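Given next are the chains, with one letter for each unit.
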Amino acid sequence: MKKDYRIRKRQIEETAEQRIREKLIETIWDDVDDLNSPTFKRLWNNLSSGQQALFGISLLESEVDNGGIHQFFFNSSGLLAHEALDGLKTLRAKKHVELLEKVFALFPDEKIPKQRKQRQKLLKQVTDKITEKIFDRPFYRLSRNRGTSLDSYVLKYLASHPDEFFISNKQADALEAEERRQKDDHLQQMRVRDYRSDRSKSLPDIFSNSIFDPRFRSDLKIAIKAHDDSLGTLLNVLTPGQKALMLARWLDIYGEDFFVAQGHFFADTLKSLRLVGANEYAKLLESVWEQLPEKPIQPESKARHVALKSRTIEDLRKKFKIFAAFSDSFERLNNDAEKSLRTILGAYIASHPTEFFRN
């Protein structure tokens, strides 16, 4: 988590107007995990009033554009309903404020509960048909008008409050140096940690992070965001079984996108799958790899994507067939109760408990 989320002014110099808001708060999104977590509350307190306003209205707008204000309240985003209203007030977007206040008036005491279950219970009376009429439609009309779009209010606020978003180059250099030092220190700590967890009475969900020491989740996030080899460093700290579990989980999550998302771990994944006895998955993965003319082993995901990018229609069709066949075969295997990755990994964990649990 950063102490200061302001950016250098030069970072938006060549940015189109409609993307300036996104650019101003993209580093904030990088550190957002769970809106309901203590970590997010600390992050929120590190933001300026303008940054809070931009984050709140952006969360609101993305949900409304996708499924209306009803979806905003229904999802975890509704936790920041009052913050979104405050953000609109900060930007002096009066028409938007009036619309949102009309929706608030449909709730008891005009308050939106922080607890998601309470919001969802109240939304049974406040239907999407009602909210669409009094909020969504007029909101979309405002968005289509350049003079009343949220971006227009953001640009006006930015012009009069630059210090809430921009930091001097000298300050930015100092902060970045301190952040690098902290990350390097943290990565050094990772190298000596034991990520095995205390065994409970029942086996935790093997496809959740509960099977690891609680520190692992935050360390994984740091490693992913740090320099290229730090994720590999973290994986190599794990026991062979833990590493196999992580790589198999990524394969399960990404499917054919694994080759772009984690292609540089192909050799490790192959070795890990064989270690836990998932030999059919290893053969399937290897067969796809052999058919690919370009091997996505680059450490950067963008470079892997470029390596796999189809250059001709014929090449595109060929790769489509390869990945489609992989997806079908993978799904058939994983849907077989006896051959699924969950079953195979569960059996390995049961027979190698000391690789996963301290006691």
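Computed from a prediction, not measured in an experiment: that's the story for all the values here. (Residues numbered from 1 in each chain as written. Predicted model: local features only at pLDDT ≥ 70, side-chain atom pairs only at ≥ 80, totals over all residues. Heavy atoms only, no water.)

### Quick notes on the overall build of the protein
Thought 1: Regarding its fold elements, the protein presents 18 helices and 0 strands.
Thought 2: Each principal axis of the C-alpha atoms in the protein carries an extent, and together these give about 60 × 55 × 55 Å.
Thought 3: Out of the 359 residues belonging to the protein, those deemed buried represent 45%.
Thought 4: For the protein, the centre of its 61 positive side-chain charges and the centre of its 54 negative side-chain charges are spaced 2 Å apart. (Helix = DSSP H or I, 4+ residues; strand = E, 2+ residues; numbered from the N terminus. Buried < 20%, exposed > 50% of the residue type's maximum accessible area, 1.4 Å probe, protein only. Lys, Arg positive; Asp, Glu negative; His and termini not counted. Charge placed at Lys NZ, Arg CZ, Asp CG, Glu CD.)

### Quick look at the nonpolar core
Thought 1: Ranked by internal contacts, the top residues of the largest apolar core, which has 50 residues, are Leu24, Phe55 and Phe73.
Thought 2: Those elements that provide at least two residues to this core are helix H1 (17-30), helix H2 (38-45), helix H3 (49-74), helix H4 (81-90), helix H5 (94-104), helix H7 (128-144) and helix H8 (150-160).
Thought 3: When residues in this core are grouped by element, the largest group, 10 residues, is from H3.
Thought 4: The next biggest cluster of nonpolar side chains, apart from the first, holds 49 residues, and it includes Phe212, Leu220, Leu234 and Ala244. (Core = buried A, V, L, I, M, F, W, Y, C linked by side-chain atoms within 4.5 Å.)

### Comments concerning the packing of aromatic side chains
For any two aromatic rings, the description comes down to two numbers: the centre-to-centre distance and the angle of the planes.
Thought 1: Counted under the stated rule, the structure contains 21 aromatic pairs.
Thought 2: With a centroid separation of 5.9 Å and an interplanar angle of 40 degrees, the aromatic rings of Phe40 and Trp44 are classed as tilted. With Phe40 and Trp44 both in helix H2 and 4 residues apart, the pair spans about one turn of that helix. Pair check on accessibility: Phe40 and Trp44 agree, each one buried.
Thought 3: With 5.6 Å between their ring centres and 55 degrees between their planes, Phe72 and Phe73 make a pair best called tilted.
Thought 4: By relative accessible area, which is 0% here, Phe73 ends up buried.
Thought 5: Grouping aromatic residues by their ring pairs yields a cluster made of Phe258, Phe259, Phe266, Tyr281, Trp289, Phe323, Phe326 and Phe330. (Phe/Tyr/Trp six-rings, centres within 6.5 Å; stacked < 30°, edge-to-face > 60°.)

### With respect to helix H12 (residues 240-254)
Thought 1: Here H12 spans 21 Å end to end across 15 residues, near enough to the 21 Å set by a 1.5 Å rise per residue.
Thought 2: Here H12 lies mainly inside the structure; 11 of its 15 residues are buried.
Thought 3: Residues Gly241, Gln242, Lys243, Ala244, Leu245, Met246, Leu247, Ala248, Arg249, Trp250 and Leu251 constitute the buried set of H12.
Thought 4: Directly beyond the C-terminal end of H12, a positive phi value near 60 degrees is found at Gly255. (Expected span 1.5 Å × (residues − 1).)

### A word on the pattern of salt bridges
Thought 1: Inspection of every chain in the model, using the stated rule, returns 23 salt bridges.
Thought 2: The partner of Arg19 in a salt bridge is Glu22, and the shortest N-O contact between them spans 2.9 Å. A residue pair is termed a helical-turn pair when its members lie 3 or 4 positions apart in one helix, as Arg19 and Glu22 do in helix H1 at 3 residues.
Thought 3: You can call Arg19 partly exposed: its relative accessible area is 36%. (Salt bridge = Lys/Arg side-chain N within 4 Å of Asp/Glu carboxyl O.)

### A short note on the environment of Gln18
Thought 1: Looking at the secondary structure, you find Gln18 in helix H1.
Thought 2: In this structure, the C-alpha to C-alpha distance between Gln18 and Ser62, residues 44 residues apart in sequence, is 14 Å.

### Looking at the packing of H12 against helix H18 (residues 341-351)
Thought 1: The geometry of H12 relative to H18 is characterised by a closest axis approach of 11 Å and an angle of 175 degrees between their N-to-C directions. The pairing of H12 with H18 is recorded here as roughly antiparallel in orientation. Residues Gly241, Leu245, Ala248 and Asp252 of H12 touch H18, and the partners they reach there are Leu341, Leu345 and Tyr348.
Thought 2: A class-by-class count of the residues in the contact of H12 with H18 yields 5 nonpolar, 1 polar and 1 charged. (Axes fitted to C-alpha atoms, helices over the stretch in contact; angles between N-to-C directions. Parallel < 35°, antiparallel > 145°, perpendicular 65-115°, else oblique. Contact = heavy atoms within 4.5 Å. Nonpolar A, V, L, I, M, F, W, Y, C, P; charged D, E, K, R; others polar.)

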